[in-house]
Amino acid sequence: MYSSIKSCVKIDESSITEMFSCNKGIRQGYGLSPVLFSLFMNDLPQYFRDDHCPGVMLGSHSLNCLMYADDLLILSPSPEGLQKSINVIKKHAEEWKLKVNTKKSNIIIFSGNGQTKNNENFQYGSETLPIVDKQTYLGIEMTSSGRYTYARDILSKKAYKVLATVKRLFSNSDTTTITIKNKLFDALVKPILLYGCEIWGPELLSYKTHFDKSTIEQVHIKFCKQTLNTPWYTENIACRAELGRYPLSIDIKASIFSYWLRLQHKTVNPLLKEAFHHAKNHSQFFDVLNNDETIRMHSTSNTSSQQDIKNARSSIKKQLKKDYIRNWLKARNNTSEGSREKFTHKEVKFDYQLEDYLRTIRNPAHRISMTKLRLGVHSLRIQTGKYENRGAPIPVEGRTCLVCNRGYIEDEQHFLMYCPGYDNIRMSSILSKTKQVKLAIVLCS
């Protein structure tokens, strides 16, 4: 089959080069390639054991290496042990006539505080392998500190690029429904943001800072504000509520819970089992499970099959959403009656769902104006009074209407229903259904 292989190179649509002989390798894209690679690399762990290379202890197991597809990760608790393992790799490669790409080979030293020792030197033959403080492994950025902050930053940057591409598909005047944009975010952007969240999620959720400030949720919030065409200072929770969207922390918790169930009930891999039992003593991972009452209630559910795990994940996600809505309603209802700036949550937002007007008002300008009115990002003095006095906010009772000059506070109710300065527009809005949002347009223009 491979005794006389000949190939050519396609130059353009109509021409190719002369045929030439291929004396090494196999045909491009042929399925035999991964099989041969696995056969050649299968005995490498035995080489480590034969040479007594020290590994990292995981319970009763000593780990010298982790192999996945064509990725090879070498582990050692000491510089001397790591150099010994590198020498074994070189020996194995020479015996099997393999070539190691040293340009893609790096050393990372996990130190807890992220500080690496510059005096260490690791050699692969005559070549010096570089020591780095960041390295990508299976799509996740690992850092010498052992934390995943940088990994989340990278995922957020990738998601921002996709979000920018999605935004370019639609102009502000586009009549595309909000529902389609929501689906595009969930299908194209969310999977990037939540990649590997079972691993880095517990660390993020353990922080005391509000989840909205995380780089992960910031991408989600930016999407909400872009979709609604509201300014950056619009209240985050109001934007999510207007679209009927939930914070990504719910997806992260559901993924962690599902992963925990798989490790506890379904995995047959001895290393994963050992890592799972070891992680029980690691507070970050299990704090997410133990500190959330909803998750604790579901942790005893019967999960005898993969379908049971999927059902449990769906069930806990629904319950987490209900808990979030309950807390949202509680916060809305607890808003002070004297707070005239909480117009959206107090007066016009009753259900946590995608608002009907976002689907029914087809004119983008009208829809945007209505959104700004509801979310309180308009030009009425109830809002602008916070910034008129050179940064020092004017007291609420001093933000009076300058149109009628009757001493009434210029808030949404006064503008829509009482101010005589808008009587003509108000009457035309009542008489003509095509002008029902005219007041909102005047307000936000």
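All of these numbers come straight from a predicted model, not from anything done at the bench.

K.L.:
Can you break down the overall build of the protein residue by residue, with the values?
P.N.:
From N to C terminus, the protein includes 20 helices and twelve strands. Residues classed as buried in the protein amount to 38% of the 445 residues present. Restricting the contact set of the protein to residue pairs at least 6 apart, pairs at least 24 apart contribute 59%. With an accessible surface of roughly 26,300 Å², the protein has 53% of that area assigned to carbon and sulfur atoms.

K.L.:
Tell me what's going on with the packing of aromatic side chains, and back it up with residues and numbers.
P.N.:
For the coordinates displayed, the defined rule picks out nine aromatic pairs. Aromatic pair W328 and Y352: ring centres 5.2 Å apart, planes at 80 degrees, arrangement edge-to-face. Note that W328 is positioned in helix 13 (residues 306-333) and Y352 in the loop between helix 14 (343-348) and helix 15 (357-360), a separation of 24 residues in sequence. A network of ring pairs unites the aromatic residues Y246, Y324, W328 and Y352 as a single cluster.

K.L.:
Give a description of the side chain of E410 that names residues and reports values.
P.N.:
Following the sequence through the fold, E410 ends up in the loop between helix 17 (381-384) and helix 18 (412-418). For E410, which is buried and forms no salt bridge, the nearest opposite charge comes from R381, at a distance of 5.1 Å. Only 3.1 Å separates the side chain of E410 from the backbone nitrogen of R381, close enough to count as a polar contact.

K.L.:
Mind laying out the nonpolar core, listing which residues take part and the relevant values?
P.N.:
Within the largest apolar cluster, 34 residues are counted, with the highest numbers of intra-cluster contacts made by V189, L193, W200, L243, I252 and L358. For this core, the secondary-structure elements that each account for two or more residues are helix 4 (149-169), helix 5 (178-193), helix 6 (197-206), helix 7 (215-228), helix 8 (236-243), helix 9 (249-266), helix 15 and helix 16 (364-375). Top contributing element to this core by residue count: helix 7, with five residues. Not counting chain neighbours up to four residues away, the residues in contact with I252 comprise L194, C197, W200, G201, L204, L205 and F211. L261, F276, I309 and W328 belong to the second largest nonpolar core, which has 17 residues in total.

K.L.:
Explain the packing of helix 6 against helix 9 residue by residue, including any values.
P.N.:
Viewed as axis vectors pointing N to C, helix 6 and helix 9 meet at an angle of 120 degrees, and their least axial separation amounts to 9 Å. In terms of orientation, helix 6 and helix 9 fall into the oblique class. Taken as a pair, helix 6 and helix 9 cross one another with a handedness that is left-handed. Contacts from C197, E198, I199, W200, G201, P202, L204 and L205 in helix 6 reach S249, I252, K253, S255, I256 and Y259 in helix 9. Grouping the constituent residues of the contact of helix 6 with helix 9 by class yields nine nonpolar, three polar and two charged.

K.L.:
Residues and numbers for helix 4, please.
P.N.:
In this model, helix 4 (21 residues) spans 31 Å end to end at C-alpha, consistent with the 30 Å of a helix rising 1.5 Å per residue. Three or more residues of helix 4 are buried, namely A151, R152, I154, L155, S156, A159, L163 and V166. The secondary structure elements touched by the buried residues of helix 4 are strand 12 (140-143), helix 5, helix 6 and helix 7.

K.L.:
Let's hear about unusual backbone geometry: which residues, and what values?
P.N.:
Residues apart from glycine generally show negative phi values, whereas peptide bonds are mostly found in trans. Backbone geometry at H52 places phi at a positive 55 degrees, although glycine is not the residue there. Counting through the fold element by element, H52 comes out in the loop between helix 2 (44-50) and strand 3 (56-58). A relative accessible area of 65% places H52 in the exposed class. Positive phi values are uncommon outside glycine, yet N229 reaches one of about 60 degrees.

K.L.:
Break down the pattern of salt bridges for me, with residues and values.
P.N.:
By the definition in use, this model includes 16 salt bridges. One salt bridge in this structure joins D186 and R245, with 2.7 Å as the shortest N-O distance. A residue pair is termed long-range when its members are at least 10 positions apart, and D186 in helix 5 and R245 in the loop between helix 8 and helix 9 qualify at 59 residues. Between R240 and E217 there is a salt bridge whose closest N-O contact spans 3.0 Å. Of the two residues, R240 is situated in helix 8 and E217 in helix 7; the sequence distance between them amounts to 23 residues. The residues R240 and E217 share a single accessibility class, namely buried.

K.L.:
Got a sec to walk through the pairing of strand 6 (residues 71-74)? Specific residues and values, please.
P.N.:
Pairing between strand 5 (residues 65-68) and strand 6: four bridges, direction antiparallel. Paired with L66 across the two strands is L73, which belongs to strand 6.

Calculation rules
Residues numbered from 1 in each chain as written. Predicted model: local features only at pLDDT ≥ 70, side-chain atom pairs only at ≥ 80, totals over all residues. Heavy atoms only, no water. Helix = DSSP H or I, 4+ residues; strand = E, 2+ residues; numbered from the N terminus. Buried < 20%, exposed > 50% of the residue type's maximum accessible area, 1.4 Å probe, protein only. Contact = heavy atoms within 4.5 Å. Areas by Shrake-Rupley, 256 points an atom, 1.4 Å probe, with all protein chains shown as cover. Phe/Tyr/Trp six-rings, centres within 6.5 Å; stacked < 30°, edge-to-face > 60°. Lys, Arg positive; Asp, Glu negative; His and termini not counted. Salt bridge = Lys/Arg side-chain N within 4 Å of Asp/Glu carboxyl O. Polar contact = N/O pair within 3.5 Å; in protein donor to acceptor, adjacent residues only side chain to side chain. Core = buried A, V, L, I, M, F, W, Y, C linked by side-chain atoms within 4.5 Å. Axes fitted to C-alpha atoms, helices over the stretch in contact; angles between N-to-C directions. Parallel < 35°, antiparallel > 145°, perpendicular 65-115°, else oblique. Left-handed = near helix turned anticlockwise from the far one by under 90°. Nonpolar A, V, L, I, M, F, W, Y, C, P; charged D, E, K, R; others polar. Expected span 1.5 Å × (residues − 1). Pairing = 2+ DSSP bridges.

Bear in mind that shape data such as this cannot, by itself, settle questions of function.
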